[in-house]
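# Breakdown of the fold
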Amino acid sequence: MKFGVVTFPGSNCDQDMIYTLETSLGQQVERLWHKDTDLKGVDFVVLPGGFSYGDYLRSGAIAKYSPIMKEVIAHGQKGGYVMGICNGFQILCESPLLDGALLHNDTQKFICKNVFLRPKSRTAAISKGLEAGKAVKIPIAHGEGRFYAPEDMMKEIYQNDQVLFQYCDEEGNVNDRTNPNGSLDNIAGITNKGKNIFGMMPHPERAADANLGNTDGKLLFDSILNNI
Amino acid sequence: MKFRAEIDVMPKDALLDPQGKAVTQSMGNLGLTEVSDVRIGKHIRLFIEADSKATAEAKADEACKKILANEIMESYSVEVVEA
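So, here's what we can say about the structure.

Rules used in this analysis
- Residues numbered from 1 in each chain as written.
- Chains lettered and ligands numbered in written order.
- Predicted model: local features only at pLDDT ≥ 70, side-chain atom pairs only at ≥ 80, totals over all residues.
- Heavy atoms only, no water.
- Helix = DSSP H or I, 4+ residues; strand = E, 2+ residues; numbered from the N terminus.
- Rg over C-alpha atoms; globule rule 2.2 N^0.38 Å.
- Contact = heavy atoms within 4.5 Å.
- Areas by Shrake-Rupley, 256 points an atom, 1.4 Å probe, with all protein chains shown as cover.
- Buried area = accessible area lost by both parts, 1.4 Å probe.
- Salt bridge = Lys/Arg side-chain N within 4 Å of Asp/Glu carboxyl O.
- Polar contact = N/O pair within 3.5 Å; in protein donor to acceptor, adjacent residues only side chain to side chain.
- Buried < 20%, exposed > 50% of the residue type's maximum accessible area, 1.4 Å probe, protein only.
- Expected span 1.5 Å × (residues − 1).
- Pairing = 2+ DSSP bridges.
- Axes fitted to C-alpha atoms, helices over the stretch in contact; angles between N-to-C directions.

Looking only at helices and strands, chain A has 5 helices and 11 strands in total. Against the 2.2 N^0.38 benchmark of 17 Å for 228 residues, chain A shows a C-alpha radius of gyration of 16 Å, consistent with a compact globule. C-alpha atoms of chain A, sized along the principal axes, occupy 45 × 35 × 30 Å. Sequence separation of 24 or more characterises 76% of the internal contacts of chain A that already satisfy a separation of 6 or more. Surface summary for chain A: the accessible area is close to 9,200 Å², and the carbon and sulfur share equals 46%.

Every contact between the two is made by 19 residues of chain A and, on the other side, 14 residues of chain B. Summing both partners gives a buried area of about 1,400 Å² for chain A against chain B, and 65% of it is carried by carbon and sulfur. Its largest share of buried area at the contact with chain B, chain A owes to L57, R58 and Q108 of chain A, together 38% of the area lost on that side. Where chain A packs against chain B, one counts 1 salt bridge. Counting every contact that joins chain A to chain B gives 7 residue pairs in polar contact (both at pLDDT 80 or more).

Turning our eyes to something else, we now look at unusual backbone geometry. Residue and element names in this part refer to chain A. Looking along the chain, the bond that leaves S95 and enters P96 is cis, with omega of -5°. Structurally, P96 can be placed in the loop between α3 (87-94) and β5 (101-103). The backbone phi angle of L57 is positive, close to 70°, even though this residue is not glycine. Examined against the element boundaries, L57 turns out to sit in the loop between β3 (44-47) and α2 (67-77). The exposure class of L57 is partly exposed, given its relative accessible area of 27%. Phi at N186 takes a positive value of approximately 60°, unusual for a residue other than glycine. Relative to the elements of secondary structure, N186 occurs in the loop between β9 (163-168) and β10 (187-191).

Here we take up the side chain of H203 of chain A. All names here are of chain A. Structurally, H203 can be placed in the loop between β11 (197-200) and α5 (216-227). Engagement of the side chain of H203 in a polar contact is seen with the side chain of E205, the distance being 2.8 Å. Setting aside residues no more than four positions away along its own chain, H203 makes contact with C13, G49, I85, C86, I138, P139 and A141.

Quick look at α5 of chain A now. The end-to-end C-alpha separation of α5 of chain A is 17 Å, in line with the 16 Å expected for 12 residues at 1.5 Å each. Lining the buried residues of α5 of chain A we find α1 (14-24), β3, β4 (81-85), β7 (136-142), β9 and β11 of chain A.

All names here are of chain B. What the 3 strands build is an open sheet, ordered β2-β1-β3; its pairing is antiparallel. The sheet is open, and its two edges are formed by β2 (42-49) and β3 (74-82), each paired on a single side. Going across the sheet, the axis of each strand differs from the next one's by a mean of 20°, ignoring polarity. Bridging between strand β1 (residues 2-11) and β2 involves 8 bridges; their strand directions are antiparallel. Residue F3 lies in a different strand from β2, and its bridge partner there is I48. Lying over the sheet, helix α2 (residues 53-68) contacts β1, β2 and β3, oriented at roughly 155° with respect to β3.

With that settled, consider the environment of V42 of chain A. If you trace the backbone, V42 of chain A turns up in the loop between β2 (28-33) and β3. Overall, V42 of chain A belongs to the buried group, its relative accessible area being 7%.

Shown next as structure tokens:
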């Protein structure tokens, strides 16, 4: 599979993502620039974390009008794979390939720490390869990660098994105490109806190399590679 | 003709506004105990070249819908006047 990692002005996790895909997972990676107007034949587009356009106006709001996003949206809408991590997730919600929005953390603080995630969707490629009910440890680093969607949208999200991950404790318990940012129902990541677009605030690419002391993030990438 | 649009973008009433909440609390600390329910949004001013006020309003509304506000979490209001 050929991956493409997009760099926007202000992206800062693009190199980590390229390293993970290329070096840790041995995949072919195309570097895509936000001004590019074609996807260079990639099968799987990744929008990395960072602060595209300085987070001006709202996180991800300006990036959605970058020239490459026209192609990314078309790719996603015809069933192609797209994944957004952190700022990439915010861009996908703005675009709007994914439902909902990401608001300022309820603590009003930027949070940078390891959290535990409970995989939920058993039908999405990124989570179905993980052991059901078993928490994975992945870091978060964001100021605007409080997932919110109106009630009718939430109903559809649950009906279609679109919740990928929920913030939990080490044992996999999901409750208010394990919610770092005030996200609705502890939601850390969602997918679309077609299960070809993934968005999550935590950074699996920062936890996919033994030298970093945590390889739980690799489980997510392995799940993707084994299930699509 | 040139028009000026004054746009207010506010977090939706149903949503927690942590910034507003923090400022509300500081009001109490300042002794301004009469102040409550602070909510913080954005004010955006822009200029539009258009044939009529109605066209300028439509353009300002389009700008709000497409980029200036995210209607999942924000509401907006627009006031257009001749510049």
